[in-house]
Amino acid sequence: AQSVTQLDSQVPVFEEAPVELRCNYSSSVSVYLFWYVQYPNQGLQLLLKYLSGSTLVKGINGFEAEFNKSQTSFHLRKPSVHISDTAEYFCAVSGANTGGFKTIFGAGTRLFVKA
Amino acid sequence: SQTIHQWPATLVQPVGSPLSLECTVEGTSNPNLYWYRQAAGRGLQLLFYSVGIGQISSEVPQNLSASRPQDRQFILSSKKLLLSDSGFYLCAWGPGGPGNEQFFGPGTRLTVL
């Protein structure tokens, strides 16, 4: 079965510093990869997604992610974070191994941006 | 544009009481619908999904049930709540197909006392 591992449960970082949130997935077939963000007491919203093509995907709010098939990773990066980026971030995967209609979510990474 | 609503926003219920959470989607037809639970400090757990009216698939056996009486309405229910049912419940819709994202509602915070 498909699974998603987010390697860090919490990431503290100072404002204007770069950040990387790590995500690994398990699959031997084609997958579609997503990053979602959840602000406190809200639903999730899509940051970016990888379907095919260029392995570097740019999303909203200055975030980008790189798909690495050989390492089965899809890490999320931002070169300079703001206080407003404090939120929980979820990596997710869908594809042939997730039952078609389902998306498998990681456990989430809580990003704390400190002044 | 599409909109997804959930109510109530917050709910405090005693153990053993019934539950009904409602989710409605506007601006699309025949969406796939999903119920997730997010417990404190944990990720999203898929509870139910539906690909059409009256079609419900359960992911986790428990004392919750779901129904889809109309194309854009998805209801999560319980006859008797447990303490472990506390959490943040999220409804989502998707156009179907593995490459499409899901769109989430604002969530319902359920506290069972």
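Everything quoted here is computed from the prediction, not taken from an experiment. (Residues numbered from 1 in each chain as written. Chains lettered and ligands numbered in written order. Predicted model: local features only at pLDDT ≥ 70, side-chain atom pairs only at ≥ 80, totals over all residues. Heavy atoms only, no water.)

(A) Structural view of the sheet that holds strand 7 (residues 64-70) of chain B. All names here are of chain B. Strand order across the open sheet formed by four strands is 1-3-8-7, with antiparallel pairing between neighbours. The outermost strands of the open sheet, each flanked by one partner alone, are strand 1 (3-7) and strand 7. Between one strand and the next, the sheet's axes are offset by a mean angle of 20°, whatever the strand orientation. Bridge count between strand 1 and strand 3 (residues 19-26): five bridges; the pairing is antiparallel. Note on strand 3: the bridge partner recorded for Trp7 is Glu22. (Pairing = 2+ DSSP bridges. Helix = DSSP H or I, 4+ residues; strand = E, 2+ residues; numbered from the N terminus. Axes fitted to C-alpha atoms, helices over the stretch in contact; angles between N-to-C directions.)

(B) Broad picture of the pairing of strand 8 (residues 73-78) of chain B. All names here are of chain B. Counted residue by residue, strand 8 has six buried out of six residues, so it is predominantly covered. Judged by which residues are buried, strand 8 turns out to be covered on both faces: Gln73, Ile75 and Ser77 on one side and Phe74, Leu76 and Ser78 on the other are all buried. As paired strands, strand 3 and strand 8 are joined by six bridges and run antiparallel to one another. Looking at the pairing, Cys23 lines up with Phe74 of strand 8. Two strands pair when backbone bridges link them, and strand 7 and strand 8 are joined in this way by five bridges, in the antiparallel orientation. Looking across to strand 8, one finds that Ser65 is bridged to Ser77. Where strand 7 folds back on strand 8, the antiparallel hairpin that results is connected by two residues. (Buried < 20%, exposed > 50% of the residue type's maximum accessible area, 1.4 Å probe, protein only.)

Purely geometric numbers; function is a separate question.
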